[in-house]
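A structural walkthrough
Chain residues, written in single-letter form:
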Amino acid sequence: MPRLKVLVLARYTNLGASSRLRFYQFLSYLEAQGLQVDSAPLFDDDYLTRLYAGSGPDWPGVAMAYLKRVSALWRSRKYDLVWLEYEAFPWLPAWLEMVLGLGGVPYIVDYDDAIFHRYDLHRNRWVRSLLGGKIDRIMADSQLVIAGNQYLAERALAAGAKRVEILPTVVDTTRYQPQCNTQPDVVTIGWIGSPSTQRYLDIVLGAMSKLCQMGKSIRLVVVGGKVPVQANLPIVNMEWSEAGEVGMIQSFDVGIMPLLDSPWERGKCGYKLIQYMACGKPVVASPVGVNQKIVGHGINGFLAGDEEEWVSYLLRLIEDPLLRTEMGKKGRARVEAEFSLELASPRLLSLIRAAASRSSLG
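None of these values were measured; they are calculated from a predicted model.

1. A short note on the pairing of strand E3 (residues 81-85)
For a regular strand, the rule is simple: side chains alternate between the two faces of the sheet. Taken across its 5 residues, E3 has 5 buried, putting it largely inside the fold. Judged by which residues are buried, E3 turns out to be covered on both faces: Leu81, Trp83 and Glu85 on one side and Val82 and Leu84 on the other are all buried. Relative to E3, strand E1 (residues 5-9) is paired through 4 bridges, and the arrangement is parallel. Bridging from a neighbouring strand, Leu9 pairs with Leu84 of E3. Looking at chain direction, E3 and strand E4 (residues 107-111) are connected through 4 bridges and run parallel. The residue of E4 that forms the bridge with Glu85 is Asp110. Note that the unit made of E3, helix H5 (residues 94-99) and E4 has a crossover that is right-handed.

In structure tokens, the structure reads:
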């Protein structure tokens, strides 16, 4: 029986969290199961480094990336299936993507963010007019849409996708392991993310300052962002690295995920929460989107809807180490049961094979 050949068209290299989690962490398993999987990311590490540093785009580099993507789509005809992240060419119309090669090969498409709102809710009416329905077209023409949560899946169904399956973002539980904090005299409230999402921390800074004013010995550790020092609130900014992220999370006592309640945030997949919980940490999060599914309120963490609730729930965890331990254990068990790479990999393999089979039938 010939090997199933799959071309991965992720947006980023392994440095990009979405591509790493939704694609690359599965590749060794898929290859071990007999698939031939080749990768052709759109943007390279230099692009991401500039993005995370807040620098402007390298337009010649972007143009070269698009040319390489055209070449990859031309080569895709040698494969049984393309596995696509979001879209082939950001900011180009769907019809042009099809002309450039996406329309000539069966594909599955994966979403862990509400990318469609980048277009249909854009402030510029011309962008809304030209690109507002782009992602719907890509979804409708695919063999399969893999969605990270229900909000994304409902959009795909409304777009007329042939088949939609929810596959949450998962972690490797052999890598993410519980470990006790080594600074018991200071309670570490931790957050991990990117510079583009650190703005959500503004939601909790006031609450944490109040806790400090109450005399609580706490600190805020920010991994992957850079928050200015606040009066009466010790803040430690740490540079993210793939090799070091687990150890950084293990140093937390509590993991937080504040979010605004808007359409874009409702498409998020709660990866931070899953990371914290996999390391045995209790969590406090805004009750937005999938956070409400991942966090069992009062079981593995708390859902805080306003500053008063952030103060109240963080205070309970700060003052009760036993509660932190018990909630952390329940969070870890939840990840093992629902959000582990070990469980998700066979299901993904089955979805890919089924999509390839349908495409071969016509």
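2. A look at a negative patch on the surface
A cluster of acidic residues, Asp44, Asp45, Asp46 and Asp58, forms a negative patch on the protein surface. Relative to the assigned elements, Asp46 resides in helix H3 (residues 45-53).

3. Overview of the environment of Leu4
Following the sequence through the fold, Leu4 ends up in the segment before E1. Taking the C-alpha atoms as reference points, Leu4 and Gln292, 288 residues apart in sequence, are found 38 Å from one another. Sequence-distant contacts of Leu4, defined by excluding residues within four places in its chain, comprise Gly34, Leu35, Gln36, Asp80, Ile352, Arg353 and Ala356.

4. A few points about the side chain of Glu165
Locating Glu165 in the fold gives a position in strand E6 (residues 164-166). Given the relative accessible area of 18%, Glu165 is considered buried. Separated by 3.1 Å, the side chains of Glu165 and Arg163 make a polar contact. The residues contacting Glu165, other than those within four sequence positions of it, are Leu144, Val145, Ile146, Ala147, Arg347 and Leu351.

Thresholds applied
Residues numbered from 1 in each chain as written. Predicted model: local features only at pLDDT ≥ 70, side-chain atom pairs only at ≥ 80, totals over all residues. Heavy atoms only, no water. Buried < 20%, exposed > 50% of the residue type's maximum accessible area, 1.4 Å probe, protein only. Helix = DSSP H or I, 4+ residues; strand = E, 2+ residues; numbered from the N terminus. Pairing = 2+ DSSP bridges. Right-handed = clockwise from strand over helix to strand, strands pointing away. Patch = residues over 30% accessible without salt bridge, like charges linked within 9 Å, V, L, I, M, F, W, Y side chains within 5 Å. Areas by Shrake-Rupley, 256 points an atom, 1.4 Å probe, with all protein chains shown as cover. Salt bridge = Lys/Arg side-chain N within 4 Å of Asp/Glu carboxyl O. Lys, Arg positive; Asp, Glu negative; His and termini not counted. Charge placed at Lys NZ, Arg CZ, Asp CG, Glu CD. Contact = heavy atoms within 4.5 Å. Polar contact = N/O pair within 3.5 Å; in protein donor to acceptor, adjacent residues only side chain to side chain.

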